[in-house]
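Each chain, letter by letter, is given below.
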Amino acid sequence: GAVVSQHPSWVICKSGTSVKIECRSLDFQATTMFWYRQFPKQSLMLMATSNEGSKATYEQGVEKDKFLINHASLTLSTLTVTSAHPEDSSFYICSASQGSGGADTQYFGPGTRLTVL
Amino acid sequence: GDSVTQMEGPVTLSEEAFLTINCTYTATGYPSLFWYVQYPGEGLQLLLKATKADDKGSNKGFEATYRKETTSFHLEKGSVQVSDSAVYFCALYQAGTALIFGKGTTLSVSS
């Protein structure tokens, strides 16, 4: 089946530093990738949608300059949390889709836990 | 806006017990409904889905029926196994919008 990996699986950083999270589709080409954020005991919230070679589309309330998304190839998308602060600590999950990104075509990565000290 | 509410966990059961995880939704229009499962250390996987009222989704012994009159999509399994221990997410989707997830329900099954 379609596999999506994320790296790292967890990361701890100091306040003010930047952190990059990678999302890879291992056995298929992903025309669309999604980034979600999940707080403890909360739902997954969509942060942004990215199509290969295009600028990402951010959901309302998500700071574009803080959460930089790059989808440079059909198998790799990156999320960079710039100047991270403790309130950015969360679980970040990506998903990838071969098609139009309808719900049942999304394949999810295992997530990355970010802790900002 | 659209939303999904699912029962809080954790749910703790003995092997072979009957499972129900409640899920209700609020939506304009006619959404598709989904259950996802996340096993420890893995990504969310689509477990089952239903696209219209009265549809029943089923997979791996799990089933859920799309009830428009009660705006519900409860997940059931007649006899759970230890290997079913995971986090279960109810979600809805309408074309042109994002997937909307519930908060997730942790299921622990002991032998």
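I will try to describe carefully the structure that is included in this document. Computed from a predicted structure; not experimentally measured.

Focus: the overall build of chain A
- When its secondary structure is counted, chain A shows zero helices and eleven strands.
- Starting at the N terminus and ending at the C terminus, chain A contains elements arranged as β-β-β-β-β-β-β-β-β-β-β.
- Here chain A has a C-alpha radius of gyration of 13 Å; the compact-globule value for 117 residues is 13 Å, and the two agree.
- Summing over all exposed atoms, chain A offers an accessible surface of approximately 5,800 Å²; the carbon and sulfur share of this is 52%.

As for the pairing of strand β12 (residues 105-110) of chain B
Residues and elements named next belong to chain B.
- Of the two faces of β12, only the one carrying Thr105, Leu107 and Val109 is buried; Thr106, Ser108 and Ser110 on the other face are not.
- Pairing of strand β2 (residues 11-14) with β12 involves four bridges; the strand directions are parallel. Residue pairing across strands places Val11 opposite Leu107, the latter belonging to β12.
- The pairing of strand β10 (residues 86-93) with β12 spans three bridges and is antiparallel. For Ala86, the partnering residue across the bridge sits in β12 and is Leu107.

Concerning the sheet that holds strand β3 (residues 19-25) of chain A
Residues and elements named next belong to chain A.
- Here four strands make up an open sheet; going across it, the order is β1-β3-β8-β7 and the pairing antiparallel. Across the chains shown, the open sheet's two edge strands, defined by having one partner strand only, are β1 (4-7) and β7 (67-73). Each neighbouring strand pair of the sheet contributes to a mean axis angle of 15°, computed without reference to strand direction.
- For β3 and strand β8 (residues 76-81), the ladder comprises six bridges, and the chain directions are antiparallel. Looking across to β8, one finds that Cys23 is bridged to Ser77.

Some points on unusual backbone geometry
- Note that the residue after His7(A), namely Pro8(A), is joined by a cis bond; omega there is 0°.
- Mapped onto the secondary structure, Pro8(A) falls in the loop between β1 and β2 (10-13).
- Of note in this structure, Lys60(B) is not a glycine but carries a positive phi near 55°.
- If you trace the backbone, Lys60(B) turns up in the loop between β7 (56-59) and β8 (62-65).
- Residue Thr71(B) is not a glycine yet carries a positive backbone phi of 45°.

Some thoughts on the interface of chain B and chain A
- If you look at the interface, chain B gives 16 residues, while chain A gives 17 residues.
- When the buried surface of chain B facing chain A is broken down by residue, Leu44(B), Phe101(B) and Lys103(B) rank first, second and third, together holding 38% of it.
- Viewed at the interface, chain A and chain B are joined by zero salt bridges.
- Linking chain B with chain A are three residue pairs in polar contact (both at pLDDT 80 or more).
- When residues of the side of chain B that touches chain A are traced back to their parent elements, those giving at least two are β5 (32-38), β6 (45-50) and β10 of chain B.
- If you tally residues by element for the side of chain B that touches chain A, the top one is β5(B), at three residues.
- The residue inventory of the side of chain B that touches chain A, partitioned by class, reads nine nonpolar, four polar and three charged.

About the cut-offs
- Residues numbered from 1 in each chain as written.
- Chains lettered and ligands numbered in written order.
- Predicted model: local features only at pLDDT ≥ 70, side-chain atom pairs only at ≥ 80, totals over all residues.
- Heavy atoms only, no water.
- Helix = DSSP H or I, 4+ residues; strand = E, 2+ residues; numbered from the N terminus.
- Rg over C-alpha atoms; globule rule 2.2 N^0.38 Å.
- Areas by Shrake-Rupley, 256 points an atom, 1.4 Å probe, with all protein chains shown as cover.
- Buried < 20%, exposed > 50% of the residue type's maximum accessible area, 1.4 Å probe, protein only.
- Pairing = 2+ DSSP bridges.
- Axes fitted to C-alpha atoms, helices over the stretch in contact; angles between N-to-C directions.
- Contact = heavy atoms within 4.5 Å.
- Buried area = accessible area lost by both parts, 1.4 Å probe.
- Salt bridge = Lys/Arg side-chain N within 4 Å of Asp/Glu carboxyl O.
- Polar contact = N/O pair within 3.5 Å; in protein donor to acceptor, adjacent residues only side chain to side chain.
- Nonpolar A, V, L, I, M, F, W, Y, C, P; charged D, E, K, R; others polar.

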